[in-house]
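So you can see what is in the structure, the chains are spelled out below.
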Amino acid sequence: MTNMKRSILYPTVIVLVLCAAPLLISAAKIGEAAPEFSAAASNGKTLRLSDYHGKYVVLEWHNNGCPYVGKQYKSGNMQRMQKQWTGQGVVWFTILSSAPGKQGYVTASEENDYLAKMQAAPTAALLDSTGEIGHLYDAKTSPQMVVINPQGVVIYDGAIDDKPTTDLNDVPGATNYVSLALEQAMAGKQVATPATRPYGCSVKY
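Residues numbered from 1 in each chain as written. Predicted model: local features only at pLDDT ≥ 70, side-chain atom pairs only at ≥ 80, totals over all residues. Heavy atoms only, no water.

The secondary structure content of the chain amounts to six helices and nine strands. When contacts within the chain are restricted to residue pairs at least 6 apart in sequence, those whose partners lie at least 24 apart make up 74%. (Helix = DSSP H or I, 4+ residues; strand = E, 2+ residues; numbered from the N terminus. Contact = heavy atoms within 4.5 Å.)

Right, let's talk about the pairing of strand E3 (residues 57-61) for a bit. In terms of burial, E3 is largely enclosed, as five of its five residues are buried. Side-chain alternation along E3 places Val57, Leu59 and Trp61 on one buried face and Val58 and Glu60 on a second face that is also buried. For E3 and strand E4 (residues 91-96), the ladder comprises five bridges, and the chain directions are parallel. Residue Trp61 lies in a different strand from E4, and its bridge partner there is Ile95. In terms of strand pairing, E3 meets strand E7 (residues 145-148) through four bridges, oriented antiparallel. Bridged to Leu59 within E7 is Val146. (Buried < 20%, exposed > 50% of the residue type's maximum accessible area, 1.4 Å probe, protein only. Pairing = 2+ DSSP bridges.)

Our focus in this paragraph is the confidence of the model for the chain. Parts of the prediction with low pLDDT should not have their coordinates interpreted in detail. Chain-level pLDDT for the chain is 90 on average; 87% of the residues reach the 70-or-more range. Note that residues 2-25 has pLDDT below 50 and, in this model, four contacts with residues that lie over four places away or in other chains. (pLDDT = per-residue confidence, 0-100.)

This part covers the pattern of salt bridges. It is possible for side chains bearing opposite charge to pair when their charged atoms get close. By the definition in use, this model includes one salt bridge. Close ionic contact of Asp138 with Lys140 constitutes a salt bridge, the shortest N to O distance being 2.5 Å. For Asp138, a relative accessible area of 38% gives the class partly exposed. (Salt bridge = Lys/Arg side-chain N within 4 Å of Asp/Glu carboxyl O.)

Glancing now at the pairing of strand E8 (residues 154-158). Two faces, one strand: in a regular strand the side chains alternate between the faces of the sheet. Most of E8 is tucked away: five of the five residues are buried. Note that E7 and E8 share four bridges and pair antiparallel. The partner of Val147 across the bridge, within E8, is Tyr156.

Now for the state of the cysteines. Counting across every chain of the model gives one disulfide. Here Cys66 is linked by a disulfide to Cys201, with a sulfur-sulfur distance of 2.1 Å. Between Cys66 and Cys201, the S-S torsion sits near 90 degrees, and that sign places the bridge as right-handed. Of this pair, Cys66 sits in the loop between E3 and helix H2 (67-74) while Cys201 sits in strand E9 (residues 201-202), and the two are 135 residues apart along the sequence. Judged on exposure class, the residue Cys66 and its partner Cys201 are both buried. (Disulfide = S-S within 2.5 Å.)

Turning to the packing of aromatic side chains, a few remarks are in order. Tallied over the entire structure, the rule returns seven aromatic pairs. Note on Tyr52 and Phe93: the rings are 5.5 Å apart at their centroids and 80 degrees apart in plane angle, and the pair reads as edge-to-face. One end of the pair, Tyr52, is in the loop between strand E2 (46-48) and E3; the other, Phe93, is in strand E4, with 41 residues separating them in the sequence. Exposure remark for Phe93: the relative accessible area of 0% places this residue in the buried category. Here Tyr68 and Tyr199 contribute two aromatic rings whose centre-to-centre distance is 5.8 Å and whose plane-to-plane angle is 70 degrees, an arrangement assigned as edge-to-face. You can see Tyr68 sitting in helix H2 and its partner Tyr199 sitting in the loop between helix H6 (177-186) and E9, a full 131 residues away along the chain. (Phe/Tyr/Trp six-rings, centres within 6.5 Å; stacked < 30°, edge-to-face > 60°.)

This next bit is on helix H4 (residues 108-118). An α-helical turn contains 3.6 residues, so any two residues separated by three or four positions project in the same direction. Among the residues making up H4, those that are buried are Glu111, Tyr114, Leu115 and Met118. One side of H4 holds all its buried residues, which, seen down the axis, span an arc of 100 degrees. Exposed and oriented more than 90 degrees from the buried face of H4 are Asp113, Ala116 and Lys117. Residues of H4 that are buried in the fold lie against H2, helix H3 (77-86), E4 and strand E5 (124-127). Taken from the residues just after H4, Gln119 is the one with a positive phi, measuring 55 degrees. (Arc of directions from axis to C-beta.)

Listed below in C-alpha cells is the structure:
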C-alpha cells in the first residue's frame, strides 16, 4: 500500500469507528446490571441510579400527550401503583425522554404542575430531553416499564400490563406485569415474566 493510499484510508477508518461507537454501547438486558445514569429531576435535584443501590427501582417512561399513558393516569392506576410501591420502599422514577418541540416534552415547572394535577406520586420525575437514559434502556414506548432489583440487576422490562389498548375499562382486568415482578422478587421467587413487548406511543427522541 502506498503512503498516499494509507493517508486516505486511515482517517476514513477512524471516522467510521467513531461514528459506529454509539452503536457499541449495550442497552439494558434482563439479568444484567442496569446501566448507570444521572439526571436532573423536576424538583431541581440531580439524581443518580447508584444512589439507590440496595433498593428496588422502577423506571416509567412517560409522555403526557400519549393516550396509552393517559389510560393509566386517567384511570388512577399509575398513581395507585406509585403510592403502593413507594410505600414499600421502592424507588419510582418517571422518565421524560421527549426531545424539545416534540410531543411529551415539558419543562420542570410544567411537569411539577402535571404531577400535582394528577396527584401522581413518583419518587421523582427525571428530565431526559437528550434521550440519554432512554437509549441506555432501549426505551421504545410510553409507557415502558423497567424493574431493577436491590443488586442493581434488571429483572423486568416491557409493558405495564397485558391490555395494549387506550380503553380505561381494560385496567381493572389487566395482568399488571410490574406489580407481579415486584411481588415475586420480594418473595424471593424468580420473576415469571421478565420481559414483554412494550406498547404505547413511540418515545419521541
